[in-house]
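# Coordinate inspection notes
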Amino acid sequence: MDEGAMDEGAMDEGAMDDYSRVVSAVARELTPRVAALRVRHPRGEGAGSAVAFTGDGFLLTNAHVVGDASGGQVAFADGATAPFSVVGTDPLSDLAVVRADGPVPDPVTLGDSDDLVVGQLVVAVGNPLGLAGTVTAGVVSALGRSLPTRQPTRTGTVARVIEDVIQTDAALNPGNSGGALADSRGRVVGVNTAVAGIGVGLAVPINATTRRIIGALIRDGRVRRAYLGLVAAPVPVPAAMRPRIGQDEALRVAEVVPGSPADRAGLRRGDLVLTAGGTPVSHAQSLQRLMFAEAIGRPLPITVLRNGAMVDVIAAPVELDAEHA
């Protein structure tokens, strides 16, 4: 082997060692703090994972792991077990909070998924297929994905979409749901939620919006949301309009639900939503961040670009559960 090839091999080995050290450090940090859940449903038992995120027993998991259960048992890596009760669930974000009735490990550090970049190293910790304390690693494959779900309502089920989901190639399997997705510093930036295919895992992000959801679940056991009744997707603003508008992206309205607040306000399919409540909107989360309890019943000014002209409308969001669930 020539000297150049040896140097290259040494560099590769060094890089792999660095990679291993990072993953091992994150695993040591998180494995004691990610619990296995056994959930008691009226129709049987389910399993998943949960992350200890406070020092007084609160754990974060997925709403679909908890389902309609009221409690179950939590088990930590050191063998400690305790019963838990469900504090609150939010199917629209697929997040739930449970509380263990017993000692819990020191909490994880929550990060901010808004700081993630595609290609960044992430580590998943959970309990797939009943194998406690399983660690896998990969990269952030994509950001801002949407996850279609079917969720129960008072009259049956409805198709909804969980927005702004993290996509990763870190291996996930049944039982990983509710576990931690962490960055290289061990900060939890997502809650693993689904396996979309071979090499495709999805996680609910931890950011300002989900922190509000978590706070509402602890405080009220549910999340009150405002509802506009439109479906929109981010698109580039036409280049010729950017200097006038002052932003590069906006939301294109793909659908307006008949009779909804958006419909009553005069929004139309094809409108380009530029601002809502005086705040520029450039992606789905920009609008979602406004759709919490304080927006219900209050006038919401919205500016759209329609046929080259700026159009201002006023919408009055209603409570989601009252009109849409």
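Above this text you will find the structure in question.
Presented here is a report on the structure given in the accompanying data block. Along every chain, residues carry numbers that run from 1 in the direction the sequence is written. Local features in this predicted model are restricted to residues of pLDDT 70 or higher, and side-chain atom pairs are both shown and tallied only at a pLDDT of 80 or more, whereas totals for entire chains, interfaces and linings draw on every residue. Water and hydrogen atoms play no part in the side-chain values, which are based on all heavy atoms of the structure.

### Side note on the packing of aromatic side chains
- Geometry of aromatic contacts follows a simple scheme: Phe, Tyr and Trp rings, the Trp one being its six-membered ring, pair when their centres are within 6.5 Å, and the pair is stacked under 30 degrees between planes, edge-to-face over 60, tilted otherwise. All told, the structure shown has zero aromatic pairs when counted by the stated rule.
- Any Lys NZ or Arg CZ that is within 6 Å of a ring centre and within 35 degrees of that ring's normal is treated as a charge sitting over the ring. Taking NZ or CZ as reference, Arg212 lies 4.2 Å from the ring centre of Phe292, over its face.

### Brief notes about the environment of Gly55
- Helix and strand definitions here come from DSSP, where helices need a minimum of 4 consecutive H or I residues and strands a minimum of 2 consecutive E residues; each element is numbered from the N-terminal end. As for its placement among the helices and strands, Gly55 is situated in the loop between strand E2 (44-52) and strand E3 (58-61).
- The spatial distance from the C-alpha of Gly55 to the C-alpha of Asp106 is 5.7 Å, given a sequence separation of 51 residues.

### Here's the deal with helix H3 (residues 208-220)
- Compared with an ideal rise of 1.5 Å per residue, which puts 13 residues at 18 Å, H3 spans 18 Å between its outermost C-alpha atoms and is within 8% of the ideal.
- Categorising residues by exposure relies on relative accessible area from a 1.4 Å probe, with only protein chains included: less than 20% of the type maximum marks a residue as buried, more than 50% marks it as exposed, and the intermediate range marks it as partly exposed. Taken together, the buried positions of H3 are occupied by Thr209, Thr210, Ile213, Ile214, Ala216 and Leu217. Each buried residue of H3 lies within a common arc of 160° when the element is viewed along its axis, so the set occupies one face.
- Elements in contact with the buried residues of H3: E3, strand E5 (81-90), strand E6 (95-100), strand E12 (200-205) and helix H6 (284-288).
- As used in this structure description, the phrase polar contact means that two N or O atoms lie within 3.5 Å; if the pair is within protein, one of them must be able to donate a hydrogen and the other to accept it, and residues adjacent in sequence are counted only when both atoms belong to side chains. The N-terminus of H3 is capped by Asn207, whose side-chain oxygen sits 3.1 Å from the backbone nitrogen of Thr209. Residue count minus one, scaled by 1.5 Å, sets the expected span of a helix. Throughout, the arc means the angular range of directions from the helix axis out to the C-beta atoms. By definition, residues are in contact when any of their heavy atoms lie within 4.5 Å.

### Some points on the pairing of E5
- With five bridges joining them, strand E4 (residues 71-75) and E5 adopt antiparallel strand pairing. If you follow Gly72 over to E5, its bridge partner there is Phe84.
- In this scheme, strands are said to pair when DSSP sees at least two bridges between them. Linkage of E4 to E5, two consecutive antiparallel strands, is achieved through a turn of five residues, within which Gly79 is found at a positive phi near 95°.
- Pairing geometry for E5 and E6, over six bridges, is antiparallel. Paired with Thr89 across the bridge in E6 is Ala96.

### A few points about the side chain of Thr31
- Locating Thr31 in the fold gives a position in the loop between helix H1 (3-30) and strand E1 (34-41).
- Accessibility expressed as a relative area gives 18% for Thr31, which makes it buried.
- In this structure the side chain of Thr31 is engaged in a polar contact, spanning 2.7 Å, whose partner is the backbone oxygen of Ala27.
- If we ignore the near neighbours within four places in the chain, the residues touching Thr31 are Ala77, Val125, Gly133 and Val135.

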